[in-house]
Amino acid sequence: MIAEGSAFTIEPGIYVRAGLLETLPDTPRNRALIAKIRPAVEKYRNVGIRIEDDYIVTDKGVEWISRAPREIAEIEALMRRPTP
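Report follows, based on the coordinates. Owing to the predicted nature of the structure, the values given are computational and were not obtained by experimental measurement.

**Describing the overall build of the chain**
Phase 1 of the analysis: When helices and strands are counted, the chain shows two helices and five strands.
Phase 2 of the analysis: Scanning the chain from its N terminus toward the C terminus, one meets helices and strands in the order β-β-α-β-β-β-α.
Phase 3 of the analysis: For a compact globule of 84 residues, the expected C-alpha radius of gyration is about 12 Å, and the chain comes in at 19 Å, more than 25% above that figure.
Phase 4 of the analysis: In terms of its C-alpha atoms, the chain occupies a principal-axis envelope of roughly 55 × 45 × 15 Å.
Phase 5 of the analysis: A buried classification covers 11% of the 84 residues belonging to the chain.
Phase 6 of the analysis: Across the chain, contacts joining residues at least 24 apart in sequence account for 60% of those joining residues at least 6 apart.
Phase 7 of the analysis: Summed over its atoms, the accessible surface of the chain is roughly 7300 Å², and 59% of this surface lies on carbon and sulfur atoms.
Phase 8 of the analysis: The centroid of the 13 positive side-chain charges in the chain is displaced by 9 Å from the centroid of its 13 negative side-chain charges.

**Here's the deal with the environment of R50**
Phase 1 of the analysis: Along the chain, the position of R50 falls in strand β3 (residues 47-50).
Phase 2 of the analysis: Spatially, the C-alpha atom of R50 lies 5.8 Å from that of P12, the residues being 38 residues apart in sequence.
Phase 3 of the analysis: Beyond its immediate stretch of four places on either side in the chain, R50 contacts E11, P12, G13 and Y15.
Phase 4 of the analysis: Within polar-contact distance, the side chain of R50 engages the side chain of E52 at 3.4 Å.

**Structural notes on unusual backbone geometry**
Glycine aside, negative phi is the norm for most residues, and most peptide bonds take the trans geometry.
Phase 1 of the analysis: Despite not being glycine, N46 has its phi angle at roughly 65 degrees, a positive value.
Phase 2 of the analysis: Looking at the secondary structure, you find N46 in the loop between α1 (28-43) and β3.
Phase 3 of the analysis: The class of N46 is exposed, set by a relative accessible area of 58%.

**Things to note about the pattern of salt bridges**
Phase 1 of the analysis: For the structure shown, the criterion picks out six salt bridges.
Phase 2 of the analysis: One salt bridge connects E11 with R50, and the closest N-O pair in it is separated by 3.6 Å. Of this pair, E11 sits in the loop between β1 (7-10) and β2 (13-16) while R50 sits in strand β3, and the two are 39 residues apart along the sequence.
Phase 3 of the analysis: Looking at E11, the relative accessible area reads 38%, which means it is partly exposed.

What counts, and at which threshold
Residues numbered from 1 in each chain as written. Predicted model: local features only at pLDDT ≥ 70, side-chain atom pairs only at ≥ 80, totals over all residues. Heavy atoms only, no water. Helix = DSSP H or I, 4+ residues; strand = E, 2+ residues; numbered from the N terminus. Rg over C-alpha atoms; globule rule 2.2 N^0.38 Å. Buried < 20%, exposed > 50% of the residue type's maximum accessible area, 1.4 Å probe, protein only. Contact = heavy atoms within 4.5 Å. Areas by Shrake-Rupley, 256 points an atom, 1.4 Å probe, with all protein chains shown as cover. Lys, Arg positive; Asp, Glu negative; His and termini not counted. Charge placed at Lys NZ, Arg CZ, Asp CG, Glu CD. Polar contact = N/O pair within 3.5 Å; in protein donor to acceptor, adjacent residues only side chain to side chain. Salt bridge = Lys/Arg side-chain N within 4 Å of Asp/Glu carboxyl O.

Take a look at the structure:
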């Protein structure tokens, strides 16, 4: 049990290193995988993203306190807004 007033994060992420595919052992299964994913790995090489969700435990349960746009349409709408 997490005590009331405690805060915690959940931080899923993905990072695509340049040499990612070369680290896999040379097996038939891995060669098939590499052939399938190579275009995506090359497109997103050296890119990373992490989504950090922050939560706090209250007397009513867990509250998500890091609300931010996540869907493409939400992010694009935010980017179109004039900056103050």
